[in-house]
Amino acid sequence: GDVIAIEEDNNTYDEQLSNKINEMLNVLNEEERKVITYYYFEDITNFNEIARLMNTNPNHVHTIFRQAIKHIKTSNIRSIKEEQILSEEKLKHLN
């Protein structure tokens, strides 16, 4: 019983994590998504190597990386604010 419950919790967590990662990647353009994928999911953390794979220069990769992180942060802040607004509206309806 306990093992199945733990597996279900892990599956739910994995699914939620996967959904969140996909949401974050969806706010990025194709180039940003490539850089983030190489960096975080393929463990290629060297901008020179990423640049070689993308046939561009490391400075460009660094710029794309910074833009991607900024877009992800902005998107997350927007999501958090939207969730707060929805929570506040639910509370108003309860009172």
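Please read these numbers as outputs of a predicted model, since none were measured by experiment. (Residues numbered from 1 in each chain as written. Predicted model: local features only at pLDDT ≥ 70, side-chain atom pairs only at ≥ 80, totals over all residues. Heavy atoms only, no water.)

Trainee: Could you clarify how one ought to interpret the pattern of salt bridges in this entry?
Mentor: Pairs may arise between side chains of opposite charge once their charged atoms sit close together. If you walk through the whole model with that rule in mind, you get two salt bridges. As a salt-bridge pair, Glu23 and Lys20 come within 3.8 Å of each other at their nearest N and O atoms. Note that Glu23 and Lys20 are positioned in helix α1 (residues 2-26) at a spacing of three residues, about one turn of the helix. For Glu49, the salt bridge goes to Arg52, with nearest N and O atoms at 2.6 Å. (Salt bridge = Lys/Arg side-chain N within 4 Å of Asp/Glu carboxyl O. Helix = DSSP H or I, 4+ residues; strand = E, 2+ residues; numbered from the N terminus.)

Trainee: Sorry if this is basic, but what is going on with the side chain of Glu32 here?
Mentor: Inspection of the secondary structure puts Glu32 in helix α2 (residues 30-41). Of the buried charged residues, Glu32 lacks a salt bridge, with Arg33 as the closest side chain of opposite charge at 7.2 Å. Within the local environment of Glu32, its side chain forms a polar contact with the side chain of His71, the two groups lying 2.8 Å apart. Residues in contact with Glu32, not counting those within four places in the same chain, are Ile64, Gln67, Ala68 and His71. (Buried < 20%, exposed > 50% of the residue type's maximum accessible area, 1.4 Å probe, protein only. Lys, Arg positive; Asp, Glu negative; His and termini not counted. Polar contact = N/O pair within 3.5 Å; in protein donor to acceptor, adjacent residues only side chain to side chain. Contact = heavy atoms within 4.5 Å.)

Trainee: Explain helix α4 (residues 58-94) here, please?
Mentor: Think of an α-helix as 3.6 residues a turn; residues three or four steps apart then line up on the same face. For α4, which comprises 37 residues, the first-to-last C-alpha distance of 54 Å matches the rise-based estimate of 54 Å (1.5 Å per residue) to within 8%. Three or more residues of α4 are buried, namely Val61, Ile64, Phe65, Ala68, Ile72, Ser75 and Ser79. (Expected span 1.5 Å × (residues − 1).)

Trainee: How should the environment of Leu25 be read in this particular structure?
Mentor: With respect to the helices and strands, Leu25 occurs in helix α1. Remark: the alpha-carbon pair of Leu25 and Thr37, spanning 12 residues in sequence, is separated by 8.8 Å. Aside from chain neighbours lying at most four places away, what touches Leu25 is Arg33, Ile36 and Phe41.

Trainee: Would you explain the packing of aromatic side chains in this entry?
Mentor: Ring pairs (aromatic) are described by centroid distance and by the angle formed between their planes. Under the defined criterion, the tally for this structure stands at five aromatic pairs. A ring pair is formed by Tyr39 and Phe65, whose centres lie 4.6 Å apart and whose planes are at 50 degrees; its orientation type is tilted. Here Tyr39, found in helix α2, pairs with Phe65, found in helix α4; they are 26 residues apart in sequence, far enough to count as distant. A connected cluster of aromatic rings, assembled from ring pairs, spans Tyr39, Tyr40, Phe47 and Phe65. (Phe/Tyr/Trp six-rings, centres within 6.5 Å; stacked < 30°, edge-to-face > 60°.)

Trainee: Would you take a moment to explain the nonpolar core for this structure?
Mentor: The nonpolar side chains of a soluble globular protein tend to be buried with one another. Counting residues in each nonpolar core, the largest one holds 15 residues, and the members touching the most others are Leu28, Val35, Ile36, Ile50 and Val61. Put simply, the parts of the chain that give this core at least two residues each are α2, α3 (47-54) and α4. No other element matches α4, which puts five residues into this core. Those residues in contact with Leu28, other than ones at most four positions away along the chain, are Arg33, Ile36, Ala68, His71 and Ile72. (Core = buried A, V, L, I, M, F, W, Y, C linked by side-chain atoms within 4.5 Å.)

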